[in-house]
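Examination of the molecular architecture
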Amino acid sequence: MTALGIGYHHVDVFSPTPFSGNSLAVFLDASALSAEQMVAITKELRHFESIFLEPTQNPKVVRARVFDLFEELDFAGHPVIGAACILHHLLPEANPSERWSVRLNTRTVEVETRRQVGHFDAELDQGRAEFLRSVGSEYDAAIAEQLGLTPADLDPGLRPEVVSTGLRYLLVPLANEAALTRARIARQDFSDLLERLGAQFVYVLDADRMEGRHWNHVGGLEDIATGSAAGCVAAYLRKHERIAASKTVVLNQGRFTGRPSRLRITAVGSGEDITSVRVAGEVALVGEGRLILPSRV
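Every value quoted in this text rests on a predicted model; they were computed, and no experiment measured them. (Residues numbered from 1 in each chain as written. Predicted model: local features only at pLDDT ≥ 70, side-chain atom pairs only at ≥ 80, totals over all residues. Heavy atoms only, no water.)

Our focus in this paragraph is the packing of aromatic side chains. Summed over all chains, the structure comprises four aromatic pairs. The interplanar angle of 35° and the centroid separation of 5.4 Å between the aromatic rings of Tyr 8 and Phe 27 together place this pair among those described as tilted. Residue Tyr 8 is located in strand β1 (residues 3–13), and its partner Phe 27 is located in strand β2 (residues 22–27); the two are separated by 19 residues in the primary sequence. Look at Phe 27 and you get buried, because its relative accessible area is 0%. Here Phe 52 and Phe 67 contribute two aromatic rings whose centre-to-centre distance is 5.9 Å and whose plane-to-plane angle is 85°, an arrangement assigned as edge-to-face. Highlighted residues: Phe 52 in strand β3 (residues 49–55) and Phe 67 in strand β4 (residues 61–68), separated in sequence by 15 residues. Each member of the pair, Phe 52 as well as Phe 67, carries the same accessibility label: buried. The structure contains a cluster of three or more aromatic residues connected by ring pairs, namely Tyr 8, Phe 27, Phe 52 and Phe 67. Sitting over the face of the ring of Phe 75, Arg 107 holds its NZ or CZ atom 4.8 Å from the ring centroid. We note Arg 213 situated over the ring of Phe 256; from NZ or CZ to the ring centre the distance is 3.9 Å. (Phe/Tyr/Trp six-rings, centres within 6.5 Å; stacked < 30°, edge-to-face > 60°. Helix = DSSP H or I, 4+ residues; strand = E, 2+ residues; numbered from the N terminus. Buried < 20%, exposed > 50% of the residue type's maximum accessible area, 1.4 Å probe, protein only. Lys NZ or Arg CZ within 6 Å of the ring centre and 35° of its normal.)

Any link to function would need more than the numbers given here.
See the structure below:
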């Protein structure tokens, strides 16, 4: 069976220090790979997500496909940020800042990258936010129970809401740090509730302490730092006037996985007219590798 070799770069996103933040594999020229190979590679490397790039005639524009451990995603934050920093790192000239266009399956996003001492910094513009559904109190008991909580653990001043800047998140504000600590996906059928509410994923949030958590559908794996969800959080908090327009604040995530991460979030606009959501963070270069895999996986 013919073997295929492909190189990749390993970065940690939302941290300036290697072996912290959210790890990522970036494949620079994956045009020869099938979708089946891409998901198999992601499962092999066991990062929460991997990103596969295809160059275009414009060196500042790339096509990208993102996979988690289960499927292809239309959008993701930390893979796009990490990939842009690798592209900047590989430029022959040492420009301090660059702008990149990343063409995903359903949209194109813009990323600005900046060289720092020993690492990179990047800001992703996720575009306009969509507020898809404010969840009524009749769902409080079901949401709380499926997160291993009680209705008293939900934030009394903020309602759960489905928000999207590319992926649809059910944002569940919690009452305090103790509730955030206890939260988990407690039911294997949690995705059924998400489907009824029109969401793909859940993100729980302590809005007072600015800290969140996210898991895959069945709760078997907790994400370290979720850039796509962070954009939704920025839009949601701006809508409810918890953050000022155009003001950058820090969202923390990853403490419960042992890899604390800092995501800088900004929302432009007011009410449901949030015209731009930006997510930024530092990126550490960790290493390079090469995979040898059969042409059929």
